[in-house]
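# Report on the structure
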Amino acid sequence: YLFDFADEAEMLTHCAPIFFLPRSASLPTSIRTNGTAALIDTGIRRILVTCEHVWSEFLKFRLEYSEARLATVFRYGHGSPIQINEALLIDCDEELDLAVFDVGVSGEALGFKAFYKIHRFPVADPRPRQPISFVGFPGVARRASGVRGQFGYASFGLTVSDVSYSRIILANTDPRILRDNAGNEVPPIDVGGMSGAPAYTRTSSGGFNLVGFVRAGDNSNSDIRLSKASFLRKDGSLFRPCWHRCPSG
């Protein structure tokens, strides 16, 4: 368990909740829904990556609430959420299900968070049967009361089943056991809110290799699909392969 907790702590530093507010001055109790975002340093740019469907759902939400804000928070304690708007959008794609934003946050606003450094492009895809891990913020673990809010997290250690031209599949071919922090077995949970969570394989030295972002899954006992990190370019734009309806030149 010591290794599990150390892995969780490392992965938590590189991701954050991303959530919908009906207006900029909203209280935590007014949060409509949330996803997860990855903090990434490409070497020339610091970016925030989540799923395109999170961004498109926010745009629908804003049609209902004209002052709606997409926001994130990095540090514990009191403070204003960090707003994310169209001006920060670098690229997004429905077929790849990825959205990339420019992030200029540093210093105190980061708290204990840190940007995961990608050392080599293009990012390599994982192989079938490789272990894969990720941490995200399921909506069922979100708590709010008055001016206080908390985003609980869930950690997964699974195995790559298949890697297609467009995504990574984590099929539920073996019984999955979910445990709480006390080690007690608990029922499957809804994984809504984990969209955008960065997923990693391990290096031979025990480090982490980013390979994808959680894209879809019904609950912790279902098949989980990931968007491939290999679609990400060093400048933060997205590479669209030949199968894409608008392939990159």
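Now for a quick tour of the structure. Please read these numbers as outputs of a predicted model, since none were measured by experiment.

The rules behind each value
Residues numbered from 1 in each chain as written. Predicted model: local features only at pLDDT ≥ 70, side-chain atom pairs only at ≥ 80, totals over all residues. Heavy atoms only, no water. Phe/Tyr/Trp six-rings, centres within 6.5 Å; stacked < 30°, edge-to-face > 60°. Lys NZ or Arg CZ within 6 Å of the ring centre and 35° of its normal. Helix = DSSP H or I, 4+ residues; strand = E, 2+ residues; numbered from the N terminus. Expected span 1.5 Å × (residues − 1). Buried < 20%, exposed > 50% of the residue type's maximum accessible area, 1.4 Å probe, protein only. Contact = heavy atoms within 4.5 Å. Salt bridge = Lys/Arg side-chain N within 4 Å of Asp/Glu carboxyl O. Core = buried A, V, L, I, M, F, W, Y, C linked by side-chain atoms within 4.5 Å.

## Brief notes about the packing of aromatic side chains
- In the structure shown here, the tally under the stated rule is 11 aromatic pairs.
- Among the aromatic residues, those joined into a cluster by ring pairs are Phe-20, Trp-55, Phe-58, Phe-61, Tyr-65 and Phe-101.
- The ring of Phe-208 is capped by Arg-202, whose NZ or CZ atom sits 4.1 Å from the centre of that ring.

## Section: helix α2 (residues 52–64)
- With 13 residues, α2 ought to run about 18 Å at 1.5 Å a step, and its terminal C-alpha atoms sit 19 Å apart, in line with that.
- By the burial criterion, the buried members of α2 are Glu-52, Val-54, Trp-55, Phe-58 and Phe-61.
- Among the structural elements, β1 (15–21), β3 (46–50), β4 (69–72), β6 (89–93) and β7 (98–102) are those in contact with the buried residues of α2.

## Examining the pattern of salt bridges
- Applying the stated criterion to the full structure yields 10 salt bridges.
- Among the ionic pairs, Arg-240 bridges to Asp-91, the shortest N-O distance being 2.8 Å. Of this pair, Arg-240 sits in the segment after β19 (224–228) while Asp-91 sits in strand β6, and the two are 149 residues apart along the sequence. A single burial state applies to Arg-240 and to Asp-91, both of which are buried.
- Ionic pairing is found between Arg-215 and Asp-97, a salt bridge with its closest N-O pair at 3.7 Å. In this pair, Arg-215 sits in strand β18 (residues 208–216) while Asp-97 sits in the loop between β6 and β7, placing the two residues 118 residues apart along the sequence. There is no split in this pair, since Arg-215 and Asp-97 are both buried.

## Side note on the environment of Ala-197
- Along the chain, Ala-197 falls in the loop between β16 (185–186) and β17 (198–202).
- Judged by relative accessible area, which is 0%, Ala-197 ranks as buried.
- Ala-197 sits 182 residues away from Cys-15 along the chain, and the two C-alpha atoms are 6.8 Å apart.
- Here Ala-197 is in contact with Thr-36, Val-135, Gly-136, Gly-212, Phe-213 and Val-214, once residues within four sequence places are set aside.

## Some words on the nonpolar core
- Core analysis: the biggest nonpolar cluster contains 28 residues, and Ile-40, Val-49, Ile-118, Leu-210, Phe-213 and Leu-232 have the highest contact counts within it.
- For this core, the secondary structure elements donating two or more residues are α1 (2–12), β1, β2 (34–41), β3, β7 and β18.
- Core analysis: the next-biggest nonpolar cluster, separate from the first, contains 21 residues, Cys-51, Ala-68, Leu-70 and Phe-101 among them.

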